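An overview of the molecular structure
Below, each chain spelled out in residue letters.
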Amino acid sequence: GKEWPEEIASHLIKSSLVLVMLSSNSIQSANVRREVNLALSEGKDLIVIRLDDVDLSPGMKLQFGIYQMIIKRQFDTEYFIKLLSESVNNRLNAA
């Protein structure tokens, strides 16, 4: 089989929309940063989801500032899933 980075990169390149899940753990991950950088360099549309109260670095604020951001703590789980589903469907149908 392929190496994991090759699989992730291949799928990111083929995708039309990328969901970025931000948590206190994910923002510390070099792999997540590389995946986001690849998605941005490939011109992918992003939806950014903040799963918990994370402090974004200035660079992350700059990268994500022009994309839709959904802050999970603002919604109950049922409404959050509905909002995310609608956002994904709207973006995919607009593409």
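Structure first, text after, so check above.
Quick look at the structure, then. Quick caveat: nothing in here was measured; it's all calculated off a predicted structure. (Residues numbered from 1 in each chain as written. Predicted model: local features only at pLDDT ≥ 70, side-chain atom pairs only at ≥ 80, totals over all residues. Heavy atoms only, no water.)

So, the overall build of the protein
Within the protein, the regular secondary structure consists of four helices and three strands. Each helix (α) and strand (β) of the protein, taken in turn from the N terminus, gives the series α-β-α-β-α-β-α. The globule rule puts the C-alpha radius of gyration for 95 residues at 12 Å, and the 14 Å found for the protein is close to it. Projecting the C-alpha coordinates of the protein onto the three principal axes gives extents of approximately 40 × 30 × 25 Å. Residue burial in the protein is summarised as follows: out of 95 residues, 33% are buried. Sequence separation of at least 24 residues holds for 63% of the intrachain contacts in the protein that already meet a minimum separation of 6. (Helix = DSSP H or I, 4+ residues; strand = E, 2+ residues; numbered from the N terminus. Rg over C-alpha atoms; globule rule 2.2 N^0.38 Å. Buried < 20%, exposed > 50% of the residue type's maximum accessible area, 1.4 Å probe, protein only. Contact = heavy atoms within 4.5 Å.)

Comments concerning the packing of aromatic side chains
Counted by the stated rule, this structure contains one aromatic pair. Over the ring of phenylalanine 80 we find lysine 72; its NZ or CZ atom is 5.5 Å from the centre of that ring. (Phe/Tyr/Trp six-rings, centres within 6.5 Å; stacked < 30°, edge-to-face > 60°. Lys NZ or Arg CZ within 6 Å of the ring centre and 35° of its normal.)

Topic: the sheet that holds strand 2 (residues 45-50)
The strand order 1-2-3 describes an open sheet built from three strands, whose pairing is parallel. On the outer flanks of this sheet lie strand 1 (17-22) and strand 3 (68-71), each paired with one strand and no other. Here the average twist between neighbouring strands, direction ignored, is 20°. Bridge count for strand 1 against strand 2 is six bridges, and the pairing is parallel. In the strand pairing of strand 2, methionine 21 is matched with isoleucine 49. (Pairing = 2+ DSSP bridges. Axes fitted to C-alpha atoms, helices over the stretch in contact; angles between N-to-C directions.)

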